[in-house]
Amino acid sequence: MNKHNPDQIINDVIQMEERNRQALSLLLELQQEKDGHLLALHTRMGEVPSFVTSVTLSWVAQNVHLASNLPIFKRKADATKKSFTDENMPDDIKLRQPDWRRQLPMVLYLATRRHHKFPPLLVVGCQDWVYDSNAEQWGLDRRAMQNSHTATSLEPKANYFDLHTRNTKYYALDGQHRLMAILGLHEFLTKGKLFALDAKGKPEQKRFITRETIYARAQKENGEDEYTFHNRLEGLMSESIGIEIIPAVVNGETYEEAIFRLRDTFVDVNENKII
């Protein structure tokens, strides 16, 4: 056989690419099946590393919390000393609390619109050691020696990472109303009913939706039969949404520097004056 036969060389290359594709497909499948792990792409902007991935709406409902619940947002900062003076949430965080009146309309949007779409969420990944001043992750200079979530590089260029999620809590910096809608959808599908809420989240007992009321609305808008509608409804929490994760504390930061960075980011993405 002629070792320099062009057709044979091309065939060998094609076969090798196919084997590589199959091997990569198998490795990715195994990675995605690991419980407590997410496959993510590493990005970096504004000197802060982040990881972009995709999760189900069910995962979001179970693992992502509102920004106001982030413990380091519970303390008020003294801008002159870059320290914290009391346990009251800063005013700039309070002013951007989600309006719970938007939950019900957004749940209706997800449940009745077949071509619904939410943009990705920006979330903070935080581990318990952040709040322990004696934790080994803090150096002698009181600077963090690692990021506040665990990520393992999967290849030499460090573009793709395995995110370990079990010991990390997540909080939405941008997309709190989207999170609110996902939480409401989860509650509705679990209980079969969802009450309208006032701005602060208190239920309005005389205003609520049921499967029957949503079906009537979906039938009017989409012409769906009952069987198709209920099948689609049951599959909603399995749909996926993009999330971008930034660490609550970045390697090399002090606790104070981290909270100021997070608060600034929160205000920037919620004021929407520049971005």
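So, how was this worked out
- Along every chain, residues carry numbers that run from 1 in the direction the sequence is written.
- Since the coordinates come from a predicted model, pLDDT governs what is reported: local features require at least 70, and pairs of side-chain atoms require 80 or more to be given and counted, while whole-chain, interface and lining totals use all residues.
- The basis for every side-chain value is the complete set of heavy atoms in the structure, and neither hydrogens nor water enter the calculation.
- The criterion is simple. A nonpolar core is a set of buried Ala, Val, Leu, Ile, Met, Phe, Trp, Tyr and Cys residues joined through side-chain atoms within 4.5 Å.
- In this scheme, a residue with accessible area under 20% of its type's maximum is buried, one over 50% is exposed, and one in between is partly exposed, where area comes from a 1.4 Å probe on protein chains only.
- Runs of H or I in DSSP of at least four residues are treated as helices and runs of E of at least two as strands, each being numbered from the N terminus.
- Contact criterion: two residues are considered in contact whenever any of their non-hydrogen atoms come within 4.5 Å of each other.
- To define axes, lines are fitted to C-alpha atoms, for helices over the stretch in contact only, and angles between the resulting N-to-C directions are given on a 0 to 180 degree scale.
- Each angle receives one of four descriptions, namely roughly parallel if under 35 degrees, roughly antiparallel if over 145, roughly perpendicular if within 65 to 115, and oblique otherwise.
- Two helices crossing with the near one rotated counterclockwise from the far one by less than a right angle form a left-handed crossing, whereas a clockwise rotation gives a right-handed crossing.
- In this count, Pro and Cys sit with the nonpolar residues alongside Ala, Val, Leu, Ile, Met, Phe, Trp and Tyr, while Asp, Glu, Lys and Arg are called charged and the others, Gly among them, polar.
- Two strands are counted as paired when DSSP detects at least two bridges linking them.

A. Structural detail: the nonpolar core. Core analysis: the largest hydrophobic core is formed by 45 residues, its most contacted members being Trp59, Val60, Val64, Ile182, Leu185, Ile209 and Ile241. Per element, the largest residue contribution to this core is seven residues, and it comes from helix H5 (residues 176-191). Not counting residues up to four positions away in its chain, the partners in contact with Ile241 are Thr53, Ser54, Val55, Leu57, Val60, Phe118, Pro119, Pro120, Leu121 and Ile182.

B. Here's a closer look at unusual backbone geometry. At Glu47, a position not held by glycine, the phi torsion is positive, near 65°. Looking at the element boundaries, Glu47 is found in the loop between strand S1 (37-45) and strand S2 (48-56). Given the relative accessible area of 68%, Glu47 is considered exposed. Backbone geometry places Arg142, a non-glycine residue, at a positive phi of 65°. Structurally, the position occupied by Arg142 is in the loop between strand S6 (121-126) and strand S7 (150-153).

C. Broad picture of the side chain of Glu224. Among the structural elements, Glu224 can be located in the loop between helix H6 (211-222) and helix H7 (226-234). Ignoring sequence-local partners within four residues, the contact set of Glu224 consists of Arg114, Tyr215, Ala218, Gln219, Phe229 and Arg232.

D. Geometry of the environment of Val267. Considering the arrangement of structural elements, one finds Val267 in helix H8 (residues 255-271). On a C-alpha basis, the gap between Val267 and Asp174 in space is 9.5 Å, while along the polypeptide they are 93 residues apart.

E. Spotlight on the packing of helix H4 (residues 103-112) against H5. Interhelical geometry of H4 versus H5 gives an angle of 70° and a closest axis separation of 8 Å. In terms of axis orientation, H4 runs roughly perpendicular to H5. Handedness of the H4/H5 crossing: right-handed. Each of Gln103, Met106, Val107 and Leu110 in H4 lies in contact with H5, whose residues at this interface are His177, Arg178, Met180, Ala181, Leu183, Gly184 and Leu185. Residue composition of the contact of H4 with H5, grouped by class: seven nonpolar, three polar and one charged.

F. Representation of the pairing of strand S10 (residues 193-197) in the model. Here S10 pairs with strand S11 (residues 203-210) via five bridges, running antiparallel. Paired with Ala196 across the two strands is Glu204, which belongs to S11. The hairpin formed by S10 and S11 contains five residues between the paired strands, and Gly201 there has a positive phi angle of roughly 100°.

G. How the structure looks around the pairing of strand S9 (residues 169-174). The pairing of strand S3 (residues 64-66) with S9 spans three bridges and is parallel. Within the sheet, the bridge partner assigned to Val64 lies in S9 and is Tyr170. One ladder, built from five bridges, connects S6 with S9; its direction is antiparallel. Looking across to S9, one finds that Val124 is bridged to Tyr171.

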